[in-house]
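Here is how the chains run, residue by residue.
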Amino acid sequence: MKFSFSEEQTEFRNMLRRFLNDRSPTTEVRRVMETESGYDAEVWRMMAEELGVAAIHIPEAYGGAGFGVSELAIAAEEAGRALLPSPFFGSTVMAATAIAEAGTDAQKQALLPGIASGGTIAALAAAEPGTGWNADAFTATARPDNGSWRLAGRKSYVLDGMAASLVVAAARLPDGGLGLFSLPADSAGLARRPLQSMDPTRRLAQMDFDGAPADLLGGPEAGAPAWARTLDVAAVCLAGEMVGGAERLREDALEYVSMRMQFGRSIASFQVTKHKAADMLLEVELAKAAAYYAAAAADDDDEVDQPLPALASLAKATASDTYMQTAIHAVQMHGGIGFTHDNDTQLWFKRAKASEAFLGTAADHRERMLQHWNA
Amino acid sequence: MKFSFSEEQTEFRNMLRRFLNDRSPTTEVRRVMETESGYDAEVWRMMAEELGVAAIHIPEAYGGAGFGVSELAIAAEEAGRALLPSPFFGSTVMAATAIAEAGTDAQKQALLPGIASGGTIAALAAAEPGTGWNADAFTATARPDNGSWRLAGRKSYVLDGMAASLVVAAARLPDGGLGLFSLPADSAGLARRPLQSMDPTRRLAQMDFDGAPADLLGGPEAGAPAWARTLDVAAVCLAGEMVGGAERLREDALEYVSMRMQFGRSIASFQVTKHKAADMLLEVELAKAAAYYAAAAADDDDEVDQPLPALASLAKATASDTYMQTAIHAVQMHGGIGFTHDNDTQLWFKRAKASEAFLGTAADHRERMLQHWNA
Amino acid sequence: MTDFTEDDIRAQVRAWLTDNWDPERGLVEWRNMLIESGWGVPHWPEEWHGRGLPVGMAPVVEEEFDKGGAVGVAKMGIRTLAAATILEHGTDLHKQRFLRGILTGEETWCQLFSEPGSGSDLAGAVTRADFQGGKWVINGQKVWNTSAHHADFGLLLARTDWDAVKHQGLSYFLLDMRQPGVEVHQLRQMNGHASFNQVFFTDAVVEPEYQIGGLGEGWKVATTTLMHERRGADGVRRYATGSDRPGRIYEEERAEVATVMAPYVWYPQRTGRADLLIERAKAAGRWDDPAVRQEVAKALTLARTAEWTARRAREAQQLGLPQGPEGSIGKLAASIVARACARAHTMIAGPDAMLTGEDDGTGGVVAEILVSTPAISIAGGTDEIQRNIISERILSMPKEARHDTDRPFRDVPRNQVG
Amino acid sequence: MTDFTEDDIRAQVRAWLTDNWDPERGLVEWRNMLIESGWGVPHWPEEWHGRGLPVGMAPVVEEEFDKGGAVGVAKMGIRTLAAATILEHGTDLHKQRFLRGILTGEETWCQLFSEPGSGSDLAGAVTRADFQGGKWVINGQKVWNTSAHHADFGLLLARTDWDAVKHQGLSYFLLDMRQPGVEVHQLRQMNGHASFNQVFFTDAVVEPEYQIGGLGEGWKVATTTLMHERRGADGVRRYATGSDRPGRIYEEERAEVATVMAPYVWYPQRTGRADLLIERAKAAGRWDDPAVRQEVAKALTLARTAEWTARRAREAQQLGLPQGPEGSIGKLAASIVARACARAHTMIAGPDAMLTGEDDGTGGVVAEILVSTPAISIAGGTDEIQRNIISERILSMPKEARHDTDRPFRDVPRNQVG
């Protein structure tokens, strides 16, 4: 088990950070989040074509770079740090993983290269209204139709669902099992609409399936394990994204209090501020350790004493608690200005808030962690 | 609904506080907690005979003073503040309430005057090993025997169980209902032994019933409501006791940091210490408000918008969380010395720790609160 | 006048209202009648629109007005702070010029104290007032100025002496907001509302006779304003809606209320809305989840105990008992309540906590809670300031050493503001 | 000597052990052989019982000892701090007199730094050393002195100059504990153990040649001791048990271990014992309670993330990477872990949390956890001190203004100790 990053991984991180500092500073995030698509297509094209971000963990056989979840999570962490609005998480992290895990070789050949190139944006329609990502509660159904399938039901919180041209959907098979399906986003019988997202830097959609024709990825047995692995990979990457955001908030708040004077002295000199900053550092470091460990476990679980679902859920739960707590502290350290629209803290605050719920709450994931825990 | 104490109530409180300052300072608590009985019989006699503490809420018809739960809770608060070791809680608060709620007039005439005078010490044997005060889980049984009853089963955590000459026991009737029974502590078929209590100022016993003969208090229908009311009154008084202890801890810790210098300045001048002291004040004040409101509701629920069980459990849960948190802060504010046996903080710390569990944990009581909550 | 009994007063008010009250009058016309009669502010001096009654009689008179549904003088917003400050420290000119417009509601006010460079440290103001060509010339920037975007006048704290120590270099001005040197920008919050403004001064002008209090006495005058602000903090919510009766005067009053209350429409949400938790948990199908129930119980407990604590404080005050600590912790308790509620609402909402507006299942109410609660631990004195106050004033702990009151203000380290 | 490769060294050790190791030797006899050969402390200088090998070779030698089960020199307890301090600052006399006894284990040591009046503020010591009649005469009181009740010698920090500023008025002494002027009282803790002592000095005496470091240089010498203490904080637990092999030397070693480890027997409990949570929850029948599960998951998460953070720090150090913040937060994290575990254990134990000893269902282990966890946020530097250190050293935030280093120590306000 490794507890450090390789030189290549560090170089990849630094390259991404430089790129995002340069091409997606907060001024750009603010501009892009007001646009209809919610992301900058040119930045996404450069990230995909020049940095290979869309292809990181997609196998080389399918046009990808063949790296692991660790590298994918590094990209997520840097994206979270920069609050990058992009289809990275919806398309590469979620949809591509589902296809790679469930699809036949032919399906992967057909679908993954497009995603890997960044040219195809895919979205994973799995969560359902109210019940979220709990697969036991999925009610959307698939029925066989002349050697193909037709889907019915409502999916919600579909990340990058409006931007996607390719949809991967989870639906219940006639025998109650779980199937993963692919279909073009403009299929007849698939209606989608944007949801009003609290976090304007991350777009969600609702999708209504009404007999939309779809391909079953792999066989009827492939869906359940593929979904489980996809959720784990997504949770690990979300944990990475959240610790990236939390660290940025922590650093910015520290810089702010270090610059500001009150009562004739630096705000950073007040003991209460110092101790809060120390606690924030502690919490972020602990959450980072969890995110990194879970990512390493996703790539190589040989030397890990807990199964991936336990570690992924642990990482998601602790990162989302930490992100939110850090955001609350960061607003407070800024004082009134931290509550304004013009101060950037609120952008990360909203991402933290939305990330608490995305993929399931911390309480959900703590329960899931224990269900998989090796005691 | 009253949100303040009457002059009489305040005078009663002051009188008790003066008495306890005088007769039960911490040096005395330390002496008494090392004795076999665990309380000072002479102090208890004076409290009963001169201050009427054993009789507070027992109706005048049965030798009591006829006051309410508010006055009972004031006494509990002052006892908790002083960490008084005495049979007050086990005998007057718990056993007498059970008898007063369940007994027939004749039984009350027979049993209550002795308790009210302080001459009889009674104990309530209800909780069972592991499951505690949850009546649904009581397994001890009562079987009819020639117009009387015989009890079988194990009771635990019996407060003042070794000191008692009179036992009130809860047991399941043949029809599954709950009965409350009285019997002399030296009855054949009743074996008791002291439990090793974490808090040496409050003694617990285990009682094994093996066909011990007992009187059913009231009829077979009387037990369940009487037990419920007894648990409410006990929870309210325990909340009072806990806020009394928490306030004492808070005051002592504040006095300590105000006296001590470190790095050439008063420890009380460090901002972190000041803010901790402010938070402690806030928490104790909130817990006090709950304890006082619940006590007032126990006496007069006309103007209260929630039923007593909801308020009693709310008060118990918040007071026990607050007491423990205050104790943790108080040890910390004392530094190393706060962890020593010779420093008094540890005495209250242990009471706080034991009180977290006594009558059920905060989580148990929060659940009970919601079960009774008027939404 | 003070010899009248309460019953006498009630009878007099009723008689006067019987003779004069008519809901079809114009709002300003009516309020001018109130001013002439003295019934609008009966506890003010007779020479200044009142009747010189004891302060305790004002609620009595108000009760009689309420019974008959009679509208009173304009009472909402910063104007009450202006009136109190002018009554206590103003010259006859100030009183003549401003009090009537305050009471009729024709002229509105804003407070110009806070600055981007100070925040909790009001006395650290660096907006400057320089006496040039017989006038005070104002340059600088203020912030958190509720209603400044429609105010006619401002209560301005500005620095007139940079060699004096911090609190002694400030003076206080009654500033005309309708002049070229004053620019107001609304400040949008993270919850989308715009309750505050920034105000920029570029050679704005105050005639010398509109300085209030002496030169260098600005902080003393400001404490009057701040004391009334603190007292009135609860008042805002009490006047949150106008009457829904028919009649011209009510229509005009509703329009006034809407304007004054606009900054506060999200205030219920920033408290965390403990009142919604159980109904939301049931609606979301999460009322049976024990982990959710624990969080809801914790939030409800905090909300109720904070409420009971406030009622203890109020009852003690009413009984004339010495004020205990329970009177000073409400602001800090409100923060803790709001955060606990936000946690519980997030857990209840589950995935819907990501949504807002029409999509969050509550018409955006829960979303607004989640992005409004951070304000409650900042606005009106941060949690940190509250803890300082509690520890120093209630617990008598030592004050923080000061590094800004022992030297000329120009030598005090401070923020550079652009 | 430094030209040998690791393999050479291993071969040399093995050869020497083959010739000399015999578990039936006496412990002191064997250690004297180690001292003569230099293999006991191979990284120490050749003239002082070592072989002058690089520090990195010491673990290699130790590994070879471990393989054969060979016992090493006495390494546990305060003696290692004494050795490090004497090696760095001691005179030849000090080295001659003390190092051998330290290594054989025949003489034990204690640290005499903390005082009842100072606590976290070690440099605030007021125990006085006055030079009278050609000797240093010691008066005052120390506290938190592990093993002082059986120590032969003490590392004493005392004030020799009251007119110097705080850190410059201290000197450092090697004090004979076996003299009439030294009185030791064991200090019982709230968990019933007695890990520490109080030490009282009444005209205790130190000959001038047993001062270490120059006059007024006590703080400088003490920082060496403290640095080694911090480094060795983990070591205590690694040597927690002696070997259970048969043989006279092992028996003697086990007795030594039992004495030295006695103060630390409750240390596993003060960490909160995350390892026991699930098995306890199952045993208590509470493993299906969702509220309990949330608390257990939180405690396990904290315990594991703290562990992974420590491993990140270790791996970075091994790789020679720059030390990140992850290396400095372990102590503070341990406090949080312990408190979370105590909460979860309380919830799991339910009513049994009121009991202890044989009655708590765990032979008193859980009870001991509950009354031991408060120590972890105090001992070895309080949480508050850790947060000061993290904010100042890692986050480069401004230091707290000092009020005790700018004047003669006699004028610094301090506690009155009886």
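One can find the structure itself at the top, above this paragraph.
First, a word on what this report is: a plain description of the structure on this page. None of the values given here were measured: they were computed from a predicted structure. (Residues numbered from 1 in each chain as written. Chains lettered and ligands numbered in written order. Predicted model: local features only at pLDDT ≥ 70, side-chain atom pairs only at ≥ 80, totals over all residues. Heavy atoms only, no water.)

1. Some remarks on the overall build of chain C
Thinking step 1. Regarding its fold elements, chain C presents 14 helices and eight strands.
Thinking step 2. Relative to the compact-globule value of 22 Å for 418 residues, chain C shows a C-alpha radius of gyration of 24 Å, a close match.
Thinking step 3. For chain C, the spread of C-alpha atoms along the principal axes amounts to about 70 × 65 × 45 Å.
Thinking step 4. Relative to its full complement of 418 residues, chain C shows a buried share of 56%.
Thinking step 5. Of the contacts formed within chain C by residues at least 6 apart in sequence, a portion of 71% connects residues at least 24 apart.
Thinking step 6. Carbon and sulfur atoms make up 50% of the accessible area of chain C, which amounts to about 17,600 Å² in all.
Thinking step 7. Computed over 47 positive and 58 negative side-chain charges, the separation of the two mean positions in chain C equals 5 Å. (Helix = DSSP H or I, 4+ residues; strand = E, 2+ residues; numbered from the N terminus. Rg over C-alpha atoms; globule rule 2.2 N^0.38 Å. Buried < 20%, exposed > 50% of the residue type's maximum accessible area, 1.4 Å probe, protein only. Contact = heavy atoms within 4.5 Å. Areas by Shrake-Rupley, 256 points an atom, 1.4 Å probe, with all protein chains shown as cover. Lys, Arg positive; Asp, Glu negative; His and termini not counted. Charge placed at Lys NZ, Arg CZ, Asp CG, Glu CD.)

2. Remarks on the overall build of chain A
Thinking step 1. Across its full length, chain A carries eleven helices and nine strands.
Thinking step 2. Scaling as 2.2 N^0.38, a compact globule of 375 residues should have a C-alpha radius of gyration of about 21 Å, and chain A matches this with 20 Å.
Thinking step 3. Expressed as lengths along the three principal axes of its C-alpha atoms, the size of chain A is roughly 80 × 50 × 40 Å.
Thinking step 4. Expressed as a percentage of its 375 residues, the buried residues of chain A come to 67%.
Thinking step 5. Restricting the contact set of chain A to residue pairs at least 6 apart, pairs at least 24 apart contribute 76%.

3. Looking at the nonpolar core
Thinking step 1. The biggest cluster of nonpolar side chains holds 197 residues, and the ones touching the most others in it are Met 47 and Phe 209 of chain B.
Thinking step 2. Counting residues per element, this core draws most heavily on helix α7 (residues 223-259) of chain B, at 18 residues.
Thinking step 3. Ignoring any residue separated from it by four or fewer positions in sequence, one finds Phe 209 of chain B in contact with Ala 125, Leu 151, Ala 152, Gly 153, Lys 155, Val 167, Ala 169, Leu 183, Gly 189 and Leu 190 of chain B.
Thinking step 4. If you look at the next biggest cluster of nonpolar residues, it comprises 195 residues, including Phe 89 and Ile 267 of chain A, Ala 367 of chain C together with Leu 395 of chain D. (Core = buried A, V, L, I, M, F, W, Y, C linked by side-chain atoms within 4.5 Å.)

4. Points about the pattern of salt bridges
Thinking step 1. Under the counting rule described, the total for this entry stands at 114 salt bridges over all chains.
Thinking step 2. Ionic pairing is found between Arg 193 of chain A and Asp 359 of chain C, a salt bridge with its closest N-O pair at 2.9 Å. Note that Arg 193 of chain A is positioned in strand β6 (residues 190-194) and Asp 359 of chain C in the loop between α12 (330-349) and α13 (365-372), a pairing that runs across two chains.
Thinking step 3. Arg 193 of chain A gets classed as partly exposed once you look at its relative accessible area, which sits at 34%.
Thinking step 4. Salt-bridge contacts for Arg 304 of chain C lead to Glu 307 of chain C; the nearest nitrogen and oxygen are separated by 3.4 Å. In this pair, Arg 304 of chain C and Glu 307 of chain C are both assigned in helix α11 (residues 290-318), three residues apart and thus about one turn of the helix distant. (Salt bridge = Lys/Arg side-chain N within 4 Å of Asp/Glu carboxyl O.)

5. So, unusual backbone geometry
Thinking step 1. The backbone of Leu 359 of chain B sits at a positive phi, close to 70°, despite the residue not being glycine.
Thinking step 2. Along the chain, Leu 359 of chain B falls in the loop between α10 (345-357) and α11 (362-371).
Thinking step 3. Positive phi is not limited to glycine here, since Trp 144 of chain C has a value of about 65°.
Thinking step 4. Mapped onto the secondary structure, Trp 144 of chain C falls in the loop between β3 (135-143) and β4 (153-159).
Thinking step 5. A relative accessible area of 25% means that Trp 144 of chain C is categorised as partly exposed.

6. Quick notes on the interface of chain A and chain C
Thinking step 1. The partner chain C presents 50 residues to the 44 residues of chain A that form the contact.
Thinking step 2. Both sides together, the interface formed by chain A and chain C hides about 3,800 Å², and carbon and sulfur atoms give 63% of it.
Thinking step 3. At the surface where chain A touches chain C, the tally comes to three salt bridges.
Thinking step 4. For Glu 384 of chain C, the salt bridge goes to Lys 276 of chain A, with nearest N and O atoms at 3.0 Å.
Thinking step 5. Our count for the chain A to chain C interface comes out at 16 residue pairs in polar contact (both at pLDDT 80 or more).
Thinking step 6. Listed by contribution, the elements that provide at least two residues to the side of chain A that touches chain C are β6, β8 (261-262), α8 (271-299), α9 (308-334) and α10 (345-357) of chain A. (Buried area = accessible area lost by both parts, 1.4 Å probe. Polar contact = N/O pair within 3.5 Å; in protein donor to acceptor, adjacent residues only side chain to side chain.)

7. A closer look at empty space enclosed by the protein
Residue and element names in this part refer to chain D.
Thinking step 1. Tallying each qualifying case throughout the model produces eleven cavities of 30 Å³ or more.
Thinking step 2. Here the second largest cavity is characterised by a volume of approximately 130 Å³.
Thinking step 3. Lining the second largest cavity are 17 residues, with Gly 117, Asp 121, Gly 124, Arg 414 and Asn 415 positioned closest to its centre.
Thinking step 4. When grouped by side-chain class, the residues that make up the lining of the second largest cavity number seven nonpolar, six polar and four charged. (1 Å grid on protein atoms, 1.4 Å probe; cavity = no way out; pocket = protein on both sides within 12 Å on 5 of 7 lines; lining within 4 Å. Points joined across faces, edges and corners; volume = space filled by probe spheres on them. Nonpolar A, V, L, I, M, F, W, Y, C, P; charged D, E, K, R; others polar.)

8. Focus: the interface of chain B and chain C
Thinking step 1. Taken together, the contact between chain B and chain C spans 39 residues of the former and 37 residues of the latter.
Thinking step 2. If you look at where chain B meets chain C, you find six salt bridges.
Thinking step 3. In this structure, Asp 279 of chain B and Arg 387 of chain C form a salt bridge, with 2.6 Å as the shortest nitrogen-oxygen distance.
Thinking step 4. Our enumeration of links across chain B and chain C arrives at twelve residue pairs in polar contact (both at pLDDT 80 or more).
Thinking step 5. Those elements that provide at least two residues to the side of chain B that touches chain C are α7, α8 (271-299), α9 (308-334) and α11 of chain B.

9. Here's the deal with the environment of Leu 300 of chain D
Thinking step 1. With respect to the helices and strands, Leu 300 of chain D occurs in helix α11 (residues 290-318).
Thinking step 2. Distance in space between the C-alpha atoms of Leu 300 of chain D and Asp 275 of chain D is 8.2 Å, their sequence separation being 25 residues.
Thinking step 3. If we skip the residues at most four places from it in the chain, Leu 300 of chain D touches Met 369, Leu 370 and Trp 373 of chain A together with Ala 274 and Ile 278 of chain D.

10. Quick word on the side chain of Lys 166 of chain D
Thinking step 1. In this fold, Lys 166 of chain D is placed in the loop between β4 (153-159) and β5 (170-176).
Thinking step 2. A polar atom in the side chain of Lys 166 of chain D sits 2.8 Å from the side chain of Asp 121 of chain D.

11. Some details on the pairing of strand β2 (residues 141-145) of chain B
All names here are of chain B.
Thinking step 1. Bridging between β2 and strand β3 (residues 148-159) involves five bridges; their strand directions are antiparallel. Paired with Asp 145 across the two strands is Ser 148, which belongs to β3.
Thinking step 2. What sits between β2 and β3 in their antiparallel hairpin is a turn of two residues, with Asn 146 showing a positive phi close to 55°. (Pairing = 2+ DSSP bridges.)

12. Some details on the pairing of strand β7 (residues 204-216) of chain A
Residue and element names in this part refer to chain A.
Thinking step 1. Two elements, strand β3 (residues 148-159) and β7, share nine bridges in a ladder whose sense is antiparallel. Counted as the bridge partner of Arg 154 is Asp 208 from β7.
Thinking step 2. Relative to β7, strand β5 (residues 178-184) runs antiparallel, the two sharing two bridges. Within β7, the residue paired with Phe 181 across the bridge is Leu 216.

13. Structural notes on a negative patch on the surface
Thinking step 1. On the surface, a cluster of negative charge is made up of Asp 299, Asp 300, Asp 301, Asp 302 and Glu 303 of chain A.
Thinking step 2. One can find Asp 299 of chain A in helix α8. (Patch = residues over 30% accessible without salt bridge, like charges linked within 9 Å, V, L, I, M, F, W, Y side chains within 5 Å.)

14. A closer look at the packing of helix α2 (residues 27-37) of chain D against helix α5 (residues 92-104) of chain D
Residue and element names in this part refer to chain D.
Thinking step 1. Relative to each other, α2 and α5 sit at 125°, their axes nearing to 9 Å. Relative to α5, the element α2 lies oblique. Taken as a pair, α2 and α5 cross one another with a handedness that is right-handed. Here α2 contributes Val 28, Arg 31, Asn 32, Ile 35 and Glu 36 to the contact with α5, which in turn contributes Arg 100, Leu 103 and Thr 104.
Thinking step 2. When the residues that make up the contact of α2 with α5 are grouped by side-chain class, the tally is three nonpolar, two polar and three charged. (Axes fitted to C-alpha atoms, helices over the stretch in contact; angles between N-to-C directions. Parallel < 35°, antiparallel > 145°, perpendicular 65-115°, else oblique. Left-handed = near helix turned anticlockwise from the far one by under 90°.)

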